[in-house]
Amino acid sequence: MTIRDIVYIPDPVLRQVCEPVPAVDDDVHALLDDMLETMYEAPGIGLAACQIGVLKRIVVIDVSKEDDPKAPICLINPEIIWTSEETSTYEEGCLSIPDYYEEVERPAACTVRFLDRDGKEQELACEGLLATCVQHEVDHLNGVLFIDHISKLKRDRVVKKFTKAARRGEVPEFKRRRAADPTGDSEQPAAE
């Protein structure tokens, strides 16, 4: 397993639509392992392949609490097939936009269809933080960032800040940030 470099805004790779994975093979397994290692090291709770510069429809997620055993979920070619009418708001962050958090409203629940690590088709019903994280990561695969769900003024400010930092050759640092969970569980991480 290798920790990969994370791509930061304004890198245009983050705005590209990722390609479907034709087959789950050893290369995909190696990529999944690298992605999990990278996500845990960052630290984050979700990572799309495009965030490490690989334009494949692959996502890894682990929303387990910090003190609980790891519970990684690998989604290959994920497709959200249902969303609830009910919405929820979470403070989201992104490994490609470090140290920036904003509240984003999304459907409170969703169902995602995907291939698992063994190449078997699965469906997963998601609620709460997991639903938010799945939607956030599938957005990445379609070239959409969580800042696209906030006001244009806020989005323009953060893009300008990161564009200036990139011109200066600065690499953002990650700081662990815990977000308040609407359910009152303050131990949940911000959606990333």
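Shown above is the structure to which this text applies.
Presented here is a report on the structure given in the accompanying data block.

Conventions and cut-offs
- Residues numbered from 1 in each chain as written.
- Predicted model: local features only at pLDDT ≥ 70, side-chain atom pairs only at ≥ 80, totals over all residues.
- Heavy atoms only, no water.
- Pairing = 2+ DSSP bridges.
- Helix = DSSP H or I, 4+ residues; strand = E, 2+ residues; numbered from the N terminus.
- Axes fitted to C-alpha atoms, helices over the stretch in contact; angles between N-to-C directions.
- Contact = heavy atoms within 4.5 Å.
- Salt bridge = Lys/Arg side-chain N within 4 Å of Asp/Glu carboxyl O.

1. Regarding the pairing of strand β7 (residues 121-127)
Sheet topology note: the strand β6 (residues 109-115)/β7 ladder contains seven bridges and is antiparallel. Bridged to Cys110 within β7 is Cys126. Where β6 folds back on β7, the antiparallel hairpin that results is connected by five residues, among which Gly119 adopts a positive phi of roughly 80°.

2. Looking at the sheet that holds β6
Strand pairing in a sheet relies on backbone hydrogen bonds, with the paired strands running either antiparallel or parallel. Taken together, five strands build an open sheet; the order of strands is β1-β2-β3-β6-β7 and the sheet is antiparallel. Looking along the sheet, the strands with just one partner apiece sit at the ends: β1 (46-48) and β7. Here the strands of the sheet are splayed against their neighbours by 40° on average, with no regard to which way each runs. Where helix α1 (residues 26-41) meets the sheet, it contacts β1, β2 (58-61) and β3 (73-83), and its direction lies at approximately 40° from that of β2. This element, helix α2 (residues 128-141), spans β1, β2, β3, β6 and β7 of the sheet and lies at about 125° to β7.

3. Some points on the pattern of salt bridges
Under the criterion given, the structure shown has 10 salt bridges. When salt bridges that share partners are traced, they join Glu92, Arg106 and Asp139 into one network.

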